[in-house]
Each structure stands twice: as C-alpha cells, then as structure tokens.
Amino acid sequence: MAGGCFLVLEGGEGVGKTTQWRRLADHLAAAGHEVVALREPGGTPAGDALRAVLLSPASALTAETETLLFAASRAQLVREVITPALQRGAVVLVDRFLLSTYAYQGRGRALPLAALRDVNAFATGGLAPDLTLLLSLPHEASMARMRARGAADRMEREDDAFHQRVRAAFEAALDPAWQQSHPEIGPVVSVDAEGEAEAVTGRCVAALARRWPHRFSNLVGAEARAGREVTHG
Ligand code: Z5A
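Just so we're clear, the structure is a prediction, and the values are computed from it rather than from any experiment.

Thresholds, definitions, all that
- Residues numbered from 1 in each chain as written.
- Predicted model: local features only at pLDDT ≥ 70, side-chain atom pairs only at ≥ 80, totals over all residues.
- Heavy atoms only, no water.
- Near = heavy atom within 4 Å.
- Polar contact = N/O pair within 3.5 Å; in protein donor to acceptor, adjacent residues only side chain to side chain.
- Areas by Shrake-Rupley, 256 points an atom, 1.4 Å probe, with all protein chains shown as cover.
- Helix = DSSP H or I, 4+ residues; strand = E, 2+ residues; numbered from the N terminus.
- Nonpolar A, V, L, I, M, F, W, Y, C, P; charged D, E, K, R; others polar.
- Buried < 20%, exposed > 50% of the residue type's maximum accessible area, 1.4 Å probe, protein only.
- Pairing = 2+ DSSP bridges.
- Axes fitted to C-alpha atoms, helices over the stretch in contact; angles between N-to-C directions.
- Salt bridge = Lys/Arg side-chain N within 4 Å of Asp/Glu carboxyl O.

Visitor: Explanation requested: the site of the ligand in the structure shown.
Guide: Of all residues adjacent to the ligand, which total 27 residues, the nearest are Glu 13, Thr 18, Thr 19, Thr 101 and Arg 149. Separating an oxygen atom of the ligand from a side-chain N or O atom of Thr 19 is a distance of 2.5 Å. The backbone of Ala 197 places a nitrogen or oxygen atom 3.3 Å from a nitrogen atom of the ligand. Here the ligand loses 84% of its free accessible area of 1,100 Å² to cover by the protein chains. If you list the elements that add at least two residues to the shell around the ligand, you get helix 1 (17-30), helix 2 (45-55), helix 3 (63-87), helix 4 (98-108) and helix 6 (139-149). With 4 residues, helix 4 is the largest single contributor of residues to the shell around the ligand. Along the lines of polarity and charge, the residues of the shell around the ligand split into 7 nonpolar, 9 polar and 11 charged.

Structure (structure tokens):
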C-alpha cells in the first residue's frame, strides 16, 4: 500500500472505541507514522460546533435534521482534514464514520438507507475507509462500562431497544455479502473488545499487521519506542 491509510474505529457506546483510538494512535506514532486522529462528529471548528448541537440533551432534532448535521460535519472533516492528510501519506484514524450513520440513523431511527447513502455520497465525495475495526463487546459489559463512566449525552439517552437495533446493524456489517453491497463503507473486521485495554490494543494492532504486513508489522511493541507527535482533531 502506498500513500495514506484511512482507518476507522466503530462500535456501540461503551465498547472502548475512544480508549482504543488514543492507544492505537500512540502505537502508530511510536512506529514512525504520521498520525491524524479525529473523531466524528467534530474534528474541525465547524464540526465541533455541530457536535455540540448534536450531543446536547437540550437539542430537539428531527431524525432528518440529525442526519444532515452528522453529514455536514463529515463533509467538512473530509475536505478540510482527511483528504489533505491522506494526500501527504498520513495514517488517518477516525473514531466513527459513515457506518455509524447507517447504524444509528438507519437502524436506530429507521431512516431509509438509500437516502442516507445519497446524502453521504455527497458529504464524503466517495471517500471510503481502507479498513474499519469494529469493536465487539457483549451488551451487558458495554452498559456496565457506560454506567461506571456516568453522564449520558443525547444519543446515549435513547432506550435499550434503540441501542439493540444499533448493535444489530453493526453486527450485520460483518457479513461479507453486506460489505460487498456497501462499498462506501469499505472492509470491516471484528475486534474482540473484552478484557484489559492493553489486550484490546494488541488485537487492533494484529488486525492491521494481518492486513498490511509490510506497513504495520513493526507496530507490535511500538509503544516502547520514542515516537512522533499525534495530531488530534
Ligand atoms: N453518531 C451517530 O448517531 N451518527 C453518526 O453518523 C456518528 C455518530 C458519526 C458520538 O458520541 C455519538 O454520535 C454516538 C453515536 C452518534 N452516540 N452514541 N450513543 P461520542 O463520540 O461522545 O461517544 P461514543 O462514540 O458513543 O463513545 P463512548 O460512548 O464515549 O464510548 P466508547 O468510545 O466506545 O468508550 P470509551 O469512552 O473508550 O470507554 C467507555 C468507558 O469504559 C470509560 O470509562 C473507559 O475508561 C472504560 N473502558 C474502556 N476500555 C475498557 C476496557 N478494556 N476495560 C474496562 N473499561 C474500559
């Protein structure tokens, strides 16, 4: 693989994405990669403003408005940060991307996938991740982690049935036939998110090294080496 690499971390709430996003970014930087670590929604000044609206429990949004605001944040992030970073050869690591829209707005809010696809094709300009690592954790374990963390945002306050639909959508994305019919999502692999954070990072690193042995095999043990700065957005 030459040039940049576009990686996404996905999963339901409380599976440990943000924890792994930080740890994986550090590993990649320690192995000498330029790393641009971003989260959705957000990652740009406009995106951060949209994030505040989207996650505030005080916002009353229709499902359609919510979808358009997530897509607006994505459009800004792709053009302002992701595409230039990929063009310079950086590893771009994003906490959530389009698959979250399919899971939360598609399955969670029951909006038609065709509309989500069209809006987001416009938002991304056709940019698809090179790989998505889907963190998988039993429902009870992720709920326990959320309870331990406290305060819930607007999306997290949805009921259990909503979150079960979201989980089912993520699981469906692991089916090779589903991936073939959704090329805009790119390849998705499951990573077991149970156990200590360090063990989960090891599984993420192993998944990257399996897919791109030449580029990423030196990630194993990379945290012990001095690394480059990570740009966080
Ligand atoms: N959303 C959407 O609807 N449509 C879209 O298109 C997009 C997003 C892009 C973003 O919220 C919300 O937007 C999200 C989907 C929606 N909402 N929901 N619900 P966010 O960015 O604020 O949050 P999140 O993405 O849902 O992540 P999270 O809830 O913060 O959880 P997480 O990132 O998966 O987990 P974490 O913060 O790393 O860990 C959670 C807790 O568990 C924390 O206390 C950790 O210290 C602990 N933890 C982490 N790893 C471990 C291990 N291995 N063992 C034990 N404890 C652990």
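Visitor: Explanation requested: the pairing of strand 3 (residues 91-95) in the structure shown.
Guide: If a strand is regular, its side chains alternate between the two faces of the sheet. Burial within strand 3 is extensive, with 5 of its 5 residues counted as buried. What you see with strand 3 is no split at all: Val 91, Leu 93 and Asp 95 on one side and Val 92 and Val 94 on the other are buried throughout. Sheet topology places strand 1 (residues 5-10) next to strand 3; 5 bridges connect them, and they run parallel. Looking at the pairing, Val 8 lines up with Val 94 of strand 3.

Visitor: Would you mind going over the sheet that holds strand 1 with me for this structure?
Guide: By way of backbone hydrogen bonds, the strands of a sheet pair with one another, either parallel or antiparallel. Within the open sheet, the 6 strands sit side by side as 5-4-1-3-2-6. Their pairing is parallel. Each of the sheet's edge strands pairs with one partner strand only, and the pair in question is strand 5 (188-192) and strand 6 (230-232). Shown here is a sheet whose adjacent strand axes are inclined to one another by a mean of 20°, direction ignored. As defined by bridge partners, strand 1 adjoins strand 4 (residues 131-136) across 4 bridges and the pair is classed as parallel.

Visitor: Where do I start with the pattern of salt bridges in this structure?
Guide: Proximity of charged atoms lets side chains of opposite charge pair with each other. Taken as a whole and judged by the stated rule, the model has 8 salt bridges. A salt bridge links Glu 10 to Arg 96; the nearest nitrogen and oxygen atoms lie 3.6 Å apart. Of the two residues, Glu 10 sits in strand 1 while Arg 96 sits in the loop between strand 3 and helix 4, which places them 86 residues apart along the sequence. Taken individually, Glu 10 and Arg 96 each receive the classification buried, so the pair is uniform in this respect.

It is worth stressing that arrangement in space is one thing and function is another; only the former is reported here.
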